[in-house]
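Here are the chains, one letter per residue:
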Amino acid sequence: MIAEFKEGDELIPDAGPHPKSPRPTGSADISTGVDSVAARQALAEVPWEPGAPKPDPILVADHVVRRFGGLTAVDVDHVEIQRGVITALIGPNGAGKTTFFNLLTNFDTPDEGTRTFEGEVIDKVAAHEIANHGMVRTFQLTKALSKMTVIENMKLGATGQKGESLFKSLLPFLWKGQEAEIEQRADDLLVHFKMDHMRDEFAGTLSGGQRKLLEMARALMVEPKMVMLDEPMAGVNPALTQSLLGHITGLRDEGMTVLFVEHDMDMVQEISDWVIVMAEGKIIAEGPPASIGQNQAVVDAYLGSSHDSALDLDRDL
Amino acid sequence: MWLVLLIGVLASVLGLGASSPVAAQDDGDDGDDTAEAAESIGGQLRTRTAEGEDVFAEGVTMIVFDADGNEVGSAVSDAEGRWRVALPGPGVYDVQLDVATLPEEVPLRDEGRDRLEGIDVRAGAAQNTLFPLGEAIESSDNTIRFLQLTVDGIKLGLIIAMCSIGLSLIYGTTGLTNFAHGEMVTFGAITAFIVHVVYPGRIFGIPGTNSLVFAALVTIVLAGALGWALNEFVWKRLRNRGASLIAALVVSIGMAIFIRYIYLFQFEGRARFYRDYQIQEQWDLGIIRLAPKDLFIIAFSTTVLIGVGLALQKTRAGKAMRAVADNRDLAESSGIDVESVIKWVWIAGSALAATGGVLFGLTENINWEMGFRLLLLMFAGVTLGGLGTAYGALFGSLIVGIFIQLIAYPSWFPSDMKNVGALGMLVIILLVRPQGLLGRKERIG
Amino acid sequence: MDWGAILETIFRGLIGEQFVYFGLAAIGLNLHFGFTGLLNFGQAAFMAAGAYGLAIIVTTLAPRINDDEGMFQLNIGEGWMFVIGVFFGVIVFPIVLALLMGIPTLRLRADYLAIVTIAVAEIIRITMRSPRWDWFTGASDGLSGFSRTFYDLSPFDPGGRYFFNLFIGNQFFLVLVGWAVLAVSALICWLIIRSPWGRVLKAIREDEDAARALGKNAYSYKMQALILGGIFGAIGGMLRAIGFSLAQPDNFITDVTFFVWVALILGGAGKVLAPLVGAGILYAVLNGTDAFLREAVANDVISDELLSGTQVGQVRFMLMGLLLALLAAFRPQGIFGNKEEMALDDR
C-alpha cells in the first residue's frame, strides 16, 4: 500500500545509498554533484523576459491555469527553473504565488497545463510521490511536528524506510539497521545546521526561526535535488535571518536547486540568482535581482496593488 | 413545483373549508351516549383496508385515568369498535388502550401510541379520541402515492431545514461541529409538552394560554435564552481559552449525552403527544390526503424559512452572519463584531431548532432521543448542501426530507430502513462531491 | 448498605469483562485518534462487526452450508466454523467497514469522518434490526448460540467461583482470555508505535500536509490505522458478544462508542497504556456508582421518588457524558498525562 522507494532508484541518480562511515562533525553530505557556479554563469545568457528558456531547466511549467469559482488565480503561460541556482518567486499580495507554488508541488491540481520535473511529466503524480521524485517543499506556516522531538522530525524525512510498512514494523530486526543509518544522517544534518544541542527537545518548544531551520533540515533528509521554500523568512527573528540565508546559499553551493516564495525584497536581492515576478496570476517579469527594480511592469504591479508595501505580511490569495 | 402544489392545496382547503370542519373523528355518534352522563370520553376503533372496507376492533379494553393517575373507569369496544367511559366531571384525563386485547389484524399504527395523555374534557363535553389502527392506507394509484410521499417529504425536509440552519451557521461562524444541536430540538419538543400538557390551564386567566401555539411561543423564547446561555457560559469560554475544535467537538458530544439522558431520566422512554391537534381526520384534498396540522406545518415552516432567508439577505445582522460564516477574519477586519454575531447565531439557531422540535413532535411524537435521530439527518442535509452555508443547509435538508420519504416509494423498500437510505446518501455525497451541492472547494495552504 | 458488594463491583469493573471489552475497543480508538488523529465515532460499528462476524457465520450460515439436504453439503465441523467466524469477525468485516468509512472521508477534513462514522454505525445497527433480514441477522432479538465452542475450551468448572469469588467458571475463562488478548494487543501497539510506521502516524496526526511533503502517503496510512484500530475494536466486540452469548443490535448503539471515547481520554489519548488505565478506571467508577445507588435505593437511603430502579441505569450515561465533556474541556491530556506530549487539544 505504501509506495516503496528503493535506494538508488534511477529517479534520483545522485542520491545513492548513504556512506555508512562516520563523518567528521558538521560535514553532512548534501552534495548533489551539480556545479552551481557553472549553472549561475549560464544564467547570464538568458534574456530578461517572462517565460525565458533556461540552458538547463530542472522544472518546467506550461500553460498552467487554476481557477477558484469565477476567479482565475493562476494563469502561467510558460516558466522554466534553472538547475543549481536560487530562484525567487515574488509578487504583490494576491498575485497567486502560493497557489502557483502549490501547483508546482502537486499540492493542488491545475485546471489546465503541464508540469515537467527532470524531463518527466508530473501532472499525474500524487503530492506525496513528489518527494520521491526529488522535489521537497516547506510551508509558509511552519509545519514542525510539535509533539515529536527534533530527531524524530528529522528521521521522518528519510524516504524508502522499511519500517514504514505496517507488517515489517512489527519485526524490528528488519529495520533497525536502516534506522541506525538514518539516525546517523539526521545527526550529521543537525550538526550541520547547528541544532544538535536540541536533538531530543519537542519541536513545539523551538522558536520560529529554529522551526524554519528544522523544516529545512528535515526536507534535506529526503535527499532532494530541488528544495521549494514557501516564505522561509516569515516569522523569523531578525537575528536568525543571516544564518538562515547562509544555509540557503549553502544548499545552492552544494548543487541543490532552490525555489522560494518571498516578499522581502532585501532578502531576494541578497541571495537569489534569478527572480520571477508574478502579478494577478501571471508572470510579468524575469531576470537577475538587480534588473527587477528597474522593470516598469514590476513597479506598476507593486504600486498598483492595494497593499503595495513589499514588507506586508503576505498571506496571499 | 411544490410551491404550486402548496398553493393548490391551500386553494382546495379554502374551497372545502365549510364542508369539512376540523373533525372530531367519530361519526355516527350523536347524543344517545352523551345523554347518560354530563362528561365522557369515547371513540371508535376502526381502520380501513386497502380496498376501502371498514374494519372494527371489537372487544378492546379502554381504561381512563384522571390527572393523578387513578383509574376512573373502563370500557370494552362493541362490534362497531365503539366505546365510551363516563367521567366524574370536567378535567384532564388519560386514556390507555390495552394492547393485549387488540385483535391481531388491527394493530396500533404507531407502536407505543397506546396511551393518550392530557385530554382536556370541558363541562358537558362528550370528548372523542382517536387511536390510529392498522397500516396507514396506501393508495394503489402510484402517482397519488408519489405525490403523497413528496408532500410528506417536503414537510419533513422543512422541519430538518429549520433545525439545521443553526447547526450550519454555528459551524460556519465558530467552526464547531455541534453534536448537541439535536438536544436543542428535543428541548423544544419537551418544553412545549411541559407547558402545554403537564401544566396546562390558563396562565393569569388569559385565554389562549393553554394552547399549543402559546406553549410553542414560550418554548422559542426559552430556547433562545438557552442558546445564549450555552454560548456565553460554555462555548465562548472554551473559545477564549483557545480550546481546539476537536476538543470542542468532543465537549459537545459529552454534553449531548448528558442532556439526552437527563431527558430520559425526567421524561422517561415513552413517546408522548401534544393535546392539541392530535385527533385530526385527514382531509381528502382530491389528489392527496393531509391532516390540517400537516398543512399548517408546511405553511408555517415555509413562512419561517422564507423569513430567515430574507433576514439573512436583507438585514444588517443577517448579512453580518453570512459574512462571518464566509470568512471570519475578513469580517472581523472589516469592522464586524464577530462575538456579537456568534451570540445572535446561537440565539436564533437555538430558537429555530426548538421550533423545529415542536413541529417534529407534532408530526411524529415527543421522546427523549428524537433530537439525536434528527441530528444525523441534519448532518446529512447540511453536508449535502455544503457545510457552513445557510442556504445550503436549507436546500440540503429539503432534499434529505423528500429523499427519505420517496425512497419508500417502491413498495419493496422496508420502511424501517428509510433513514438508512438518507445516511447512505450522505456517504455517497461525500464520495462524489464533498463540498456539498452549494459549497465551494477550499484552497490548500 | 452492603459496602462489601459495592467494593466487589468496583474491583470487578477495574479488571473484569467490561474492562476487557472496552479496553480492546479503546486500544483501537487510540490507534485511530490518539496516534493518527482520526475522529472515529463509529467504534461501536467495529465492535458490532466482530460480534456479528462470528454470530452470522456460526449461527446463521453454519447450519445452512452444512445441511445434508441443502445446496452446499460441506459438513465443516463446529470448531472450524468457529474459527472461520473469528476470521470473518476480526479480519474481513472490520476491513470492509473501514473501507466503507474511510474511502469517502479520509481525504477530507477531520470532522467529516466523525459524521460519517456515526452515520455508518447507525446504518449498520438499523440494518441489523430490520425484520427484513431476520433469517440472517436475527433482527432486534439478535443471534445467539455461537459461543459454545469457546466455552467448551474452558478448563474451569462452570458452576465454580474463581478469582476471589468474583467470577463463575465461564466468566473467568472469558476474562482470562481477554487479559491475554489485551496484553498481546497492547504489546503490538507498543511495537508498531515505536517503529517508523508509528512515527508516520504521529506525523499525520500533527500535520498531514507536512507528512505528504516528505513523501508519506497520508491517505494510505490513515486507512491502515483505521483498519488496524477497527480490528482491535472488533475483537473487543466479539468477546463482548461471547460474554453475553448474544449478538444484538442494541448492544452497539452509538453511546457504546462514547464509552470507548471516555475510557481513552480518561487514560490520555496517545499513550500505549491509556486505553487499559482508562477502561479500568471508567468501569470502576461507573459500576461503583451504579452499585452504590442501587444499594442506596434498596435500603431507602435515597427515596424511590427521587430515583427509581430504572433511573439508576441512566445515571451512568449522564455520568459518562459529563465526564467526556469535562475531560475534553479541562483535561484533554487525560488524568495522568502531561500536556507536552499529546493532548486532545492538538488541533
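Since this is a predicted model, take the numbers as computed values, not measurements.

A. Focus on the overall build of chain A. On a plain count of helices and strands, chain A comes out with 11 helices and 10 strands. Every one of the 317 residues in chain A was classed for burial, and the buried ones make up 46%. Once local pairs closer than 6 in sequence are excluded, the contacts in chain A between residues at least 24 apart make up 72%.

B. Inspection of the overall build of chain B at higher detail. A count of helical and extended segments in chain B gives 12 helices and 11 strands. Here chain B holds 445 residues, and the buried ones make up 44% of them. Partitioning the intrachain contacts of chain B with sequence separation of at least 6 by distance along the chain shows that 74% fall at a separation of at least 24.

C. Seen up close, the pairing of strand 5 (residues 71-76) of chain B. All names here are of chain B. The pairing of strand 4 (residues 61-66) with strand 5 spans 5 bridges and is classified as antiparallel. Residue pairing for strand 5: M62 is matched across the bridge by A75. Here strand 4 hands over to strand 5 after 4 residues, with G69 in that stretch at a positive phi of 90 degrees.

D. Seen up close, the interface of chain B and chain C. Residue-level contacts link 33 residues of chain B with 38 residues of chain C. Looking at the side of chain B that touches chain C, the elements with two or more residues in it are helix 5 (245-267), helix 10 (370-385) and helix 12 (418-432) of chain B. The element that contributes the greatest number of residues to the side of chain B that touches chain C is helix 5 of chain B, accounting for 14 residues. Across the side of chain B that touches chain C, the residue classes break down as 26 nonpolar, 6 polar and 1 charged.

E. Region of the structure containing unusual backbone geometry. Residues and elements named next belong to chain C. Its identity as a non-glycine residue notwithstanding, A139 has a phi of 50 degrees, on the positive side. Position of A139 among the secondary structure elements: in the loop between helix 6 (134-137) and strand 1 (143-144). A tally of 18 C-beta atoms within 10 Å means that A139 is categorised as partly exposed. Here D300, not a glycine, exhibits a phi torsion of approximately 60 degrees, which is positive. The topology assignment puts D300 in the loop between helix 13 (274-298) and helix 14 (309-330).

F. The arrangement of the interface of chain C and chain A in detail. The interface of chain C with chain A comprises 28 residues on the first partner and 34 residues on the second. At the level of elements, helix 8 (169-193), helix 9 (196-206), helix 10 (208-213) and helix 11 (218-244) of chain C are the ones that each hand at least two residues to the side of chain C that touches chain A. Of the residues in the side of chain C that touches chain A, the class split is 12 nonpolar, 6 polar and 10 charged.

G. Expanded view of the sheet that holds strand 1 (residues 57-68) of chain A. All names here are of chain A. Across the sheet, 4 strands lie side by side as 2-1-4-5; this open sheet has antiparallel pairing. Edge positions in the sheet fall to strand 2 (71-82) and strand 5 (120-121), since each of these pairs with one other strand and no more. Relative to strand 2, strand 1 runs antiparallel, the two being bridged by 10 bridges. Residue pairing across strands places A61 opposite V79, the latter belonging to strand 2.

H. Summary view of the packing of helix 1 (residues 3-15) of chain C against helix 13 of chain C. Residue and element names in this part refer to chain C. Between helix 1 and helix 13, the shortest axis-to-axis distance is 7 Å and the interhelical angle comes to 155 degrees. Put simply, helix 1 runs roughly antiparallel to helix 13. In terms of crossing hand, the pair formed by helix 1 and helix 13 is right-handed. Of the residues in helix 13, those touching helix 1 at A5, I6, T9, I10, R12, G13, L14 and I15 are G280, Y283, A284, L286, N287, G288, A291, F292 and E295.

I. Structural context of helix 2 (residues 142-174) of chain B. All names here are of chain B. Along its 33 residues, helix 2 runs 46 Å from first to last C-alpha, staying within 8% of the 48 Å computed at 1.5 Å per residue. Along its length, helix 2 reaches its greatest deviation from straightness, about 35 degrees, at S164. Within helix 2, 26 of the 33 residues are buried, which leaves it mostly tucked inside the rest of the structure. Count one or two residues on from helix 2 and you reach G175, which has phi positive near 80 degrees.

J. Focus on the confidence of the model for chain B. All names here are of chain B. Confidence along chain B averages 79 in pLDDT terms, with 80% of residues attaining 70 or more. Across chain B, element-level confidence peaks in helix 9 (residues 338-363) with a mean pLDDT of 93 and bottoms out in helix 1 (residues 2-16) with 35. Throughout residues 1-37 the model reports pLDDT below 50, and contacts reaching past four residues in sequence, or to other chains, amount to 33 contacts. The ipTM value of the predicted complex is 0.86, and its pTM value is 0.81.

K. Structural context of the sheet that holds strand 4 of chain B. Residue and element names in this part refer to chain B. Pairing is antiparallel across the open sheet formed by 4 strands, whose spatial order is 5-4-7-8. Every other strand in the sheet has two partners, leaving strand 5 and strand 8 (115-121) as the edge strands with one partner each. In this sheet, neighbouring strand axes are inclined to one another by 25 degrees on average, regardless of whether the strands run parallel or antiparallel.

L. Quick look at the confidence of the model for chain A. Residue and element names in this part refer to chain A. Mean pLDDT over chain A: 81, with 86% of residues reaching 70 or higher. Looking over chain A, one finds the lowest element-wise mean pLDDT in helix 11 (residues 296-304), namely 77, and the highest in helix 4 (residues 150-156), namely 94. Considering only residues more than four positions removed or in separate chains, one finds that residues 306-317, a stretch of pLDDT under 50, has 22 contacts.

M. Representation of the environment of K343 of chain B. Residues and elements named next belong to chain B. Within the secondary structure layout, K343 lies in helix 9. Residue K343 is classed as partly exposed on the basis of its C-beta count, with 17 C-beta atoms lying within 10 Å. Considering only alpha carbons, one finds K343 and L230, 113 residues apart in sequence, at a separation of 9.6 Å.

N. Seen up close, the packing of helix 2 of chain B against helix 7 (residues 316-326) of chain B. Residues and elements named next belong to chain B. Running from N to C, helix 2 and helix 7 cross one another at 60 degrees; their axes reach a closest spacing of 6 Å. The angle between the axes of helix 2 and helix 7 places the two elements in the oblique class. Helix 2 and helix 7 meet at a crossing whose hand is left-handed. Along its contact with helix 2, which presents L169, G172 and T173, the element helix 7 presents M321, V324 and A325. Its residues assigned to classes, the contact of helix 2 with helix 7 comprises 4 nonpolar, 2 polar and no charged.

O. Representation of the nonpolar core. Judged by nonpolar contacts, the single largest core of 317 residues is most densely connected at V262 and L324 of chain C. Per element, the largest residue contribution to this core is 15 residues, and it comes from helix 11 of chain C. Beyond its immediate stretch of four places on either side in the chain, L324 of chain C contacts V250, I253, G254 and I257 of chain B together with F258, W261, V262 and I265 of chain C. Counting residues in each nonpolar core, the second largest holds 5 residues, with I6, F292, L293 and V312 of chain C among its members.

P. Spatial organisation of the environment of A203 of chain A. All names here are of chain A. Topologically, A203 is positioned in the loop between helix 6 (176-192) and helix 7 (208-220). For A203, a count of 25 C-beta atoms within 10 Å corresponds to the buried category. The spacing of A203 and L214 is 11 residues in sequence and 8.4 Å in space, taken between C-alpha atoms. Discounting residues that sit within four places of it in the chain, A203 has contacts with A144, L145, S146, M148, T149, V150, N153, R211 and L214.

Q. Main features of the environment of A301 of chain A. All names here are of chain A. Mapped onto the elements of the fold, A301 is located in helix 11. The spatial distance from the C-alpha of A301 to the C-alpha of A279 is 6.3 Å, given a sequence separation of 22 residues. The residues touching A301, leaving out its near neighbours within four places in the chain, are P92, A279 and I284.

R. Structural view of helix 9 of chain C. Burial of helix 9 of chain C is extensive: 11 of the 11 residues sit out of reach of the surface. Along helix 9 of chain C, the residues that are buried comprise P196, W197, G198, R199, V200, L201, K202, A203, I204, R205 and E206 of chain C.

S. The pairing of strand 4 of chain B, seen in detail. Here strand 4 of chain B runs beside strand 7 (residues 91-97) of chain B; their pairing, made up of 5 bridges, is antiparallel. Bridging from a neighbouring strand, I63 of chain B pairs with Q96 of chain B of strand 7 of chain B.

Rules and cut-offs
- Residues numbered from 1 in each chain as written.
- Chains lettered and ligands numbered in written order.
- Predicted model: local features only at pLDDT ≥ 70, side-chain atom pairs only at ≥ 80, totals over all residues.
- Helix = DSSP H or I, 4+ residues; strand = E, 2+ residues; numbered from the N terminus.
- Buried ≥ 20, exposed ≤ 12 C-beta atoms within 10 Å, placed from the backbone.
- Contact = placed C-beta atoms within 7 Å.
- Pairing = 2+ DSSP bridges.
- Nonpolar A, V, L, I, M, F, W, Y, C, P; charged D, E, K, R; others polar.
- Axes fitted to C-alpha atoms, helices over the stretch in contact; angles between N-to-C directions.
- Parallel < 35°, antiparallel > 145°, perpendicular 65-115°, else oblique.
- Left-handed = near helix turned anticlockwise from the far one by under 90°.
- Expected span 1.5 Å × (residues − 1).
- Bend = angle between axes of the 7 residues up to and from the residue.
- pLDDT = per-residue confidence, 0-100.
- Core = buried A, V, L, I, M, F, W, Y, C linked by C-beta atoms within 7 Å.

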